[in-house]
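# Secondary and tertiary structure notes
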Amino acid sequence: MTSTVTPPVQKSGSGADRGDGGARRRRLPRVPDRIRQGGLPYLLLLPAVLLELLVHIVPMVIGIVMSFRELTQFYINNWGKAPWRAFDNYKIAVDFDAPLGEALLHSFYVTCVFTVITVGLSWLFGMAAAVMLQENFRGRGLLRGIFLTPYALPVYAAVITWAFMFQRDNGMINHVLHDQLGLTDEPSFWLIGDNSFIALVVVAVWKSWPFAFLMLMAGLQNIPRELYEAASIDGAGVWQQIRKITLPSLRPVNQVLVLVLFLWTFNDFNTPYVLFGDSAPEAADLISIHIYQSSFVTWNFGTGSAMSVLLLLFLLLVTAVYLVATSRGRKGSGAV
């Protein structure tokens, strides 16, 4: 008799097969890795892009369109019916022989002088405080906190406090200068007349110099102390160390700091508006307040928008020239 051997029958879906299939299923994610890794950064940036569009880009485009229309109080209910004026609003704004153009030119001049003085004093005070607080001594942390207080306070609360201090009859400034020190013959008017420019500069410098101090103090942390020690051994004094070590090392920080302070100061609206209201004195008539008056006080939104566009073009031009000049300066110093 011969016996028949029956080969074992393999069942479909054995353990090995199931293991391979499970591994294949695990290797196939529901979302492709390339799409997930490449699209996640853009998805995270989407809220910021939308907010930038809503807060800056869309209003800027609307303002540019408004500058080409005769948009006054008669068309405030329906902007689309405002007549198209092409460049007439710009011609009115730059006609310096006319009263409107002459007032704009005066406001531009006041703003330039105000910006130069404010940025210069803010940088000077910030630099002096940063250098003074570089050395370790008791109370340095407390002084740093006190110096940064103006930068931490809300703008409106700080400027309103200064407005009370500049009051003629019961303000602290006149109380100190006239009543206690006797430096003036009579209490001065600080919020009207020529003194209003001084009051505006004082408040603006007090508000902006802590930012310069913070930036410069951070920049000084990156300068090696060995440079100062070597210079001191070679006989260099404090002023020589500042001129030969501190200022050259802080050049990149100063380039960014000066540009930021310039843009912030030239566009400053909150400080003069809270200090003087919607009608600033002629001596303190900054261009931001002037544009506000031309738009929201006289209800001539077309001309006000044209002034805003001209201001934007001026700031873009100054920024471009400044960046080109500073980049050439960096290349020249690097080559040397």
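Being a predicted model, the structure only gives us computed values, none of them experimental.

Moving on, we get to the overall build of the protein. On a plain count of helices and strands, the protein comes out with 15 helices and 0 strands. Residues classed as buried in the protein amount to 33% of the 336 residues present. A sequence separation of at least 24 residues applies to 65% of the contacts in the protein between residues at least 6 apart. When the accessible surface of the protein is totalled, it reaches about 21,600 Å², and 65% of it is carbon and sulfur.

What follows covers the nonpolar core. Of all hydrophobic cores here, the largest spans 24 residues; its most connected members are Phe114, Phe166, Leu200, Leu275 and Phe276. Sorting the residues of this core by element identifies helix H4 (99–132), helix H7 (155–165), helix H9 (195–220) and helix H13 (270–276) as the ones contributing at least two each. The biggest single contributor to this core is H9, with 7 residues. Residue contacts for Leu200: discarding those within four places in its chain leaves Phe114, Thr271, Pro272, Leu275, Phe276, Ala284 and Leu286. Grouped together as the second largest cluster of nonpolar side chains are 20 residues, Met127, Ala130, Ala212 and Tyr228 included.

All right, on to H9 then. An α-helix turns once per 3.6 residues; consequently, residues spaced three or four apart project the same way. For H9, with 26 residues, the first-to-last C-alpha span of 37 Å sits near the 38 Å given by 1.5 Å per residue. Where H9 bends most, at Ser208, the angle is about 30 degrees, and the proline Pro210 comes one to four residues later. A large share of H9 lies buried, amounting to 19 of its 26 residues.

This part covers the packing of aromatic side chains. Counting across every chain of the model gives 22 aromatic pairs. Taken together, a centroid distance of 5.5 Å and an interplanar angle of 65 degrees make the contact between Phe147 and Trp209 edge-to-face. Note that Phe147 is positioned in helix H5 (residues 140–147) and Trp209 in helix H9, a separation of 62 residues in sequence. Overall, Phe147 belongs to the buried group, its relative accessible area being 17%. Residue classification places Trp209 among the buried residues on the basis of a relative accessible area of 13%. Among the aromatic residues, those joined into a ring-pair cluster are Phe269, Tyr273, Tyr292, Phe296, Trp299 and Phe301.

This structure, assessed with the given rule, holds 3 salt bridges. With its nearest N and O atoms 3.9 Å apart, the salt bridge here joins Arg85 to Asp88. Assessed through its relative accessible area of 23%, Arg85 is described here as partly exposed. Relative accessible area serves as the criterion here: at 31%, Asp88 is assigned to the partly exposed category. For the salt bridge of Lys207 with Asp268, the shortest nitrogen-to-oxygen distance reads 4.0 Å.

Now for the environment of Arg144. With respect to the helices and strands, Arg144 occurs in helix H5. Beyond its immediate sequence surroundings of up to four residues, Arg144 is in contact with Leu133, Phe213, Met217 and Gln221.

Turning our eyes to something else, we now look at unusual backbone geometry. Even without a glycine there, the phi angle at Ala86 is positive, about 55 degrees. Residue Trp299 is not a glycine yet carries a positive backbone phi of 60 degrees. The residue Trp299 is located in the loop between helix H14 (287–297) and helix H15 (301–335) in this model. The class for Trp299 is partly exposed, based on a relative accessible area of 41%.

Cut-offs used in this document
Residues numbered from 1 in each chain as written. Predicted model: local features only at pLDDT ≥ 70, side-chain atom pairs only at ≥ 80, totals over all residues. Heavy atoms only, no water. Helix = DSSP H or I, 4+ residues; strand = E, 2+ residues; numbered from the N terminus. Buried < 20%, exposed > 50% of the residue type's maximum accessible area, 1.4 Å probe, protein only. Contact = heavy atoms within 4.5 Å. Areas by Shrake-Rupley, 256 points an atom, 1.4 Å probe, with all protein chains shown as cover. Core = buried A, V, L, I, M, F, W, Y, C linked by side-chain atoms within 4.5 Å. Expected span 1.5 Å × (residues − 1). Bend = angle between axes of the 7 residues up to and from the residue. Phe/Tyr/Trp six-rings, centres within 6.5 Å; stacked < 30°, edge-to-face > 60°. Salt bridge = Lys/Arg side-chain N within 4 Å of Asp/Glu carboxyl O.

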